[in-house]
Amino acid sequence: MIRILIAEHLPLVRRGLLATLDAEPDLRVVAEVCRPDEVLPAALSSGPDVAVVDLELPGLPVAAALAAQAPRCGVLLLSAKPNPGQVRKALSVRALGFLSLCVAPERLAEGVRQVAAGRRAIEAELAVAALQSATNPLTRRELDVLRIAAGGARSTEIADQLFLSVGTVRNHLSRIMCKTGARNRLDAVRIAIDFGWL
């Protein structure tokens, strides 16, 4: 019997995951939580083989904490809008699985079985896209500028936060748009997020 912990902040989705996984004869949900701070205590007390965690929980810090403090519990991350950058980030925190919330129930159950067996469970298209996506062309400073710009800050605000001149910030933004092929700073933010650079 594979023991499962579900970590999902939306009650309706959590109940759907519970019903789907408990319907399988070899799977049993032993714990369900709705907040990130509840995951590790629940994992340590219930001893699951697999934690099914919503990426929006947020799942990446949860996966990292489980890998460090409950290494026998494999992590399967779920995303409503999966992209290659998320896959790379998931792998960087040692999650074994990464699936879309849109997968068929049978695929989810199979993914749980794969993770419980210590194997990867990643949708093929996402895995290929993650391998093919470009390496990050942005410097650390350009990423700092873009991260602040992502919050809607103007050039003057970015300059104040990073102790740069407005001209330097504009030069960074110009180089960012060139390197990413973006039309504007919002497009550059979207591209950087999709590729997992931010």
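Up top is the structure.
The numbers attached to residues start from 1 for each chain and follow its sequence in the written order. In view of the model being predicted, local features appear only for residues whose pLDDT reaches at least 70, and side-chain atom pairs are presented and counted only at 80 or more, with totals across whole chains, interfaces and linings using the full set of residues. Where side-chain values are given, they derive from all heavy atoms of the structure, hydrogens and water being excluded.

A. Geometry of the packing of helix H7 (residues 140–150) against helix H8 (residues 155–162). A fitted line through C-alpha atoms serves as each axis, taken over the contacting stretch for helices, and the angle formed by two N-to-C directions is quoted from 0 to 180°. Each helix is a run of DSSP H or I of at least 4 residues and each strand a run of E of at least 2, with the numbering of both proceeding from the N terminus. At a minimum axis distance of 10 Å, the contact between H7 and H8 shows a crossing angle of 125°. Relative to H8, the element H7 lies oblique. The two elements H7 and H8 meet at a crossing, and its hand is right-handed. Packed against H7, whose contacting residues are Arg141, Asp144, Val145, Ile148 and Ala149, the element H8 presents Ile158, Gln161 and Leu162 at the interface. Of the residues belonging to the contact of H7 with H8, the class tally is five nonpolar, one polar and two charged. Comment on the angle field: the value is read as roughly parallel under 35 degrees, roughly antiparallel over 145, roughly perpendicular from 65 to 115, and oblique elsewhere. The sense of a crossing depends on the near helix, which, turned anticlockwise from the far helix by less than a right angle, makes the crossing left-handed and, turned clockwise, makes it right-handed. Residue contacts are counted whenever heavy atoms from the two residues lie within 4.5 Å of one another. Note on residue classes: Ala, Val, Leu, Ile, Met, Phe, Trp, Tyr, Cys and Pro are nonpolar, Asp, Glu, Lys and Arg are charged, and everything else, Gly too, is polar.

B. Inspection of the sheet that holds strand S6 (residues 121–122) at higher detail. Paired strands are those between which DSSP finds at least two bridges. Here six strands make up an open sheet; going across it, the order is S2-S1-S3-S4-S5-S6 and the pairing parallel. If you trace the sheet from one side to the other, it starts and ends with strand S2 (27–33) and S6, each paired once. Relative to S6, strand S5 (residues 97–100) is paired through two bridges, and the arrangement is parallel. In the strand pairing of S6, Gly97 is matched with Ala121. Strands strand S4 (74–79), S5 and S6 of the sheet are contacted by helix H4 (residues 84–92), whose axis makes an angle of about 155° with S5.

C. Inspection of the pattern of salt bridges at higher detail. The working definition used for a salt bridge is a side-chain nitrogen of Lys or Arg within 4 Å of a carboxyl oxygen of Asp or Glu. A full pass over the atoms with the stated rule returns 13 salt bridges. Residue Arg183 pairs with Asp187 through a salt bridge whose shortest N-O separation is 3.5 Å. A simple rule labels every residue: compare its accessible area, found with a 1.4 Å probe on the protein chains alone, to the largest value its type can have, and call it buried under 20%, exposed over 50%, or partly exposed in between. The exposure class assigned to Arg183 is exposed, which follows from its relative accessible area of 69%. Connected through salt bridges with shared partners, the residues Glu24, Asp26, Glu110 and Arg113 form a single ionic network.

D. Region of interest: the pairing of strand S1 (residues 2–7). Judged by how many residues are buried, S1 sits mostly within the fold: five of six residues are covered. One ladder, built from six bridges, connects S1 with S2; its direction is parallel. Looking at S2, one finds that Ile2 is bridged to Leu27. Bridge count between S1 and strand S3 (residues 50–54): four bridges; the pairing is parallel. Paired with Ile4 across the two strands is Val50, which belongs to S3.

E. Focus on the pairing of S3. When you tally the buried positions in S3, you get five out of five residues, the bulk of the element. The pairing of S3 with S4 spans five bridges and is classified as parallel. From the neighbouring strand, Val50 faces S4, where its bridge partner is Gly74. Handedness of the crossover is the feature at issue here: the chain leaves S3, passes through helix H3 (residues 59–69), returns alongside S4, and the resulting connection is right-handed. Crossovers are marked right-handed if the path from the first strand over the helix to the second runs clockwise, as seen with the strands pointing away from the viewer.

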